[in-house]
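# Reading the structure
Spelled out, the chains give:
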Amino acid sequence: MTDVWNLVSGAFSSLAPRLALDLASVYVLVQAVYVRLYPRREYAFTYWLLNLITFSVAYVLSGVRVEMGLSLGLFAVFGILRYRTEAMRIRDLTYLFVCIGLAILNGVAASGEGLVRVILINVAVLGVVAVLELGRSGHHEDTVTVRYDRLELLRADQRAALLADLSQRLGAPCERAVVEHVDLMHDSAELVVTYRPAHRGPSSNAS
């Protein structure tokens, strides 16, 4: 019984600092930054669980170099293939990779000086994200893809009228609109619109 207790306490003392560091880092990244700025709160669930399972795999296989590399490689390939089918935005995908990267770093961190280095890396990564995102929160911009039906406003001399119409339909000030595709058969176009979001983002389609 004493041997079992010593084994459990030793495993806990090794796991607890890394897990606490990982959960604290993800909390800052997801809850304090991402959820605060973006309306896609459903991704927070994905970020949390993907980070946790990646951390678990990295921690368990941290002592087996070949198997760990192979496992994480397969995990990354299937993860990318799966989530690319959801048409994630570049920014959302970047947060996804940051969550995975932090999980791997924290999962394989060695004790002592190695763990201190990983803590500094976590602070640096989160600091850069916070500066880039929260530092521009006063003039924060987001993008959305819309299907638009007024082709006459796509002319260069109608740019102001186009942005005014999009702002009225989306309920948010629109800064730019880029034409991605024009469907003359159905009198519609696909636009990538840059807007200043309020507390909630606009719908992903306009008509």
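Here we summarise the structure given alongside this text. (Residues numbered from 1 in each chain as written. Predicted model: local features only at pLDDT ≥ 70, side-chain atom pairs only at ≥ 80, totals over all residues. Heavy atoms only, no water.)

Glancing now at the overall build of the chain. Of regular secondary structure, the chain possesses 6 helices and 3 strands. Helices (α) and strands (β) of the chain occur, in sequence order from the N terminus, as α-α-α-α-α-β-α-β-β. Sequence-distant contacts, at least 24 apart, represent 66% of the contacts inside the chain between residues at least 6 apart. (Helix = DSSP H or I, 4+ residues; strand = E, 2+ residues; numbered from the N terminus. Contact = heavy atoms within 4.5 Å.)

This paragraph deals with the environment of Leu23. Along the chain, the position of Leu23 falls in helix H1 (residues 2–37). The exposure class assigned to Leu23 is partly exposed, which follows from its relative accessible area of 34%. Taking the C-alpha atoms as reference, Leu23 lies 8.5 Å from Trp48; in sequence the two are 25 residues apart. (Buried < 20%, exposed > 50% of the residue type's maximum accessible area, 1.4 Å probe, protein only.)

Another point: the pairing of strand E1 (residues 142–148). The two faces of E1 differ: Asp142, Val144, Val146 and Tyr148 on one face are buried, but Thr143, Thr145 and Arg147 on the other face are not. Here E1 pairs with strand E3 (residues 188–195) via 7 bridges, running antiparallel. Opposite Val144, over in E3, you have Val193 as the bridge partner. (Pairing = 2+ DSSP bridges.)

For the rest of this paragraph, the subject is the pattern of salt bridges. On inspection of all chains with the given rule, the structure shows 8 salt bridges. Put simply, Glu133 and Arg91 hold a salt bridge, and the shortest N to O gap is 3.2 Å. Placement of the pair is Glu133 in helix H5 (residues 113–134) and Arg91 in helix H4 (residues 90–108), with a sequence separation of 42 residues. Overall, the relative accessible area of 3% leaves Glu133 in the buried class. In this structure Arg91 comes out as partly exposed when scored by relative accessible area, which is 34%. Across the salt bridge formed by Arg150 and Asp165, the nearest N and O atoms sit 3.7 Å from each other. With Arg150 in the loop between E1 and helix H6 (159–170) and Asp165 in helix H6, this pair connects stretches of sequence that are 15 residues apart. Arg150 gets classed as partly exposed once you look at its relative accessible area, which sits at 31%. Salt bridges linked by common partners bring Asp149, Arg150, Glu152, Asp165 and Arg169 together as one network. (Salt bridge = Lys/Arg side-chain N within 4 Å of Asp/Glu carboxyl O.)

Let's shift gears to the sheet that holds E3. Across the sheet, 3 strands lie side by side as E1-E3-E2; this open sheet has antiparallel pairing. Strand pairing shows two members of the sheet lacking a second neighbour, E1 and strand E2 (174–183), which therefore form its edges. Strand-to-strand twist in this sheet, taken as the mean axis angle between neighbours without regard to direction, amounts to 20 degrees. Pairing of E2 with E3 involves 8 bridges; the strand directions are antiparallel. Bridge pairing in E3 places Arg176 opposite Thr194. (Axes fitted to C-alpha atoms, helices over the stretch in contact; angles between N-to-C directions.)

A separate point is H4. Over its 19 residues, H4 runs 27 Å from end to end, which matches the ideal 27 Å to within 8%, given 1.5 Å per residue. For H4, the complete set of buried residues consists of Asp92, Leu93, Tyr95, Leu96, Val98, Cys99, Ile100, Leu102, Ala103, Asn106 and Gly107. (Expected span 1.5 Å × (residues − 1).)

Two numbers describe how helix H2 (residues 42–60) lies on H4: the axes approach to 8 Å, and their chain directions differ by 30 degrees. For the element pair H2 / H4, the angle class is roughly parallel. Between H2 and H4 lies a crossing whose hand is right-handed. Within the contact between the two elements, H2 uses Tyr43, Tyr47, Leu50, Asn51, Thr54, Phe55, Ala58 and Tyr59 and H4 uses Asp92, Tyr95, Leu96, Cys99, Ile100, Leu102, Ala103, Ile104, Asn106, Gly107 and Val108. Here the residues of the contact of H2 with H4 are counted per class, giving 14 nonpolar, 4 polar and 1 charged. (Parallel < 35°, antiparallel > 145°, perpendicular 65-115°, else oblique. Left-handed = near helix turned anticlockwise from the far one by under 90°. Nonpolar A, V, L, I, M, F, W, Y, C, P; charged D, E, K, R; others polar.)

Along the chain, the position of Ser188 falls in strand E3. Here Arg147 takes part through its side chain, which lies 3.5 Å from a polar atom of the side chain of Ser188. Residues in contact with Ser188, not counting those within four places in the same chain, are Arg147, Tyr148, Asp149, Leu151, Val182 and Asp183. (Polar contact = N/O pair within 3.5 Å; in protein donor to acceptor, adjacent residues only side chain to side chain.)

When the terminal C-alpha atoms of H2 are compared, their 28 Å separation across 19 residues agrees well with the 27 Å that a helix rising 1.5 Å per residue should span. Of all the positions in H2, only Tyr43, Ala44, Thr46, Tyr47, Leu50, Asn51, Thr54, Phe55, Ala58 and Tyr59 are classed as buried.

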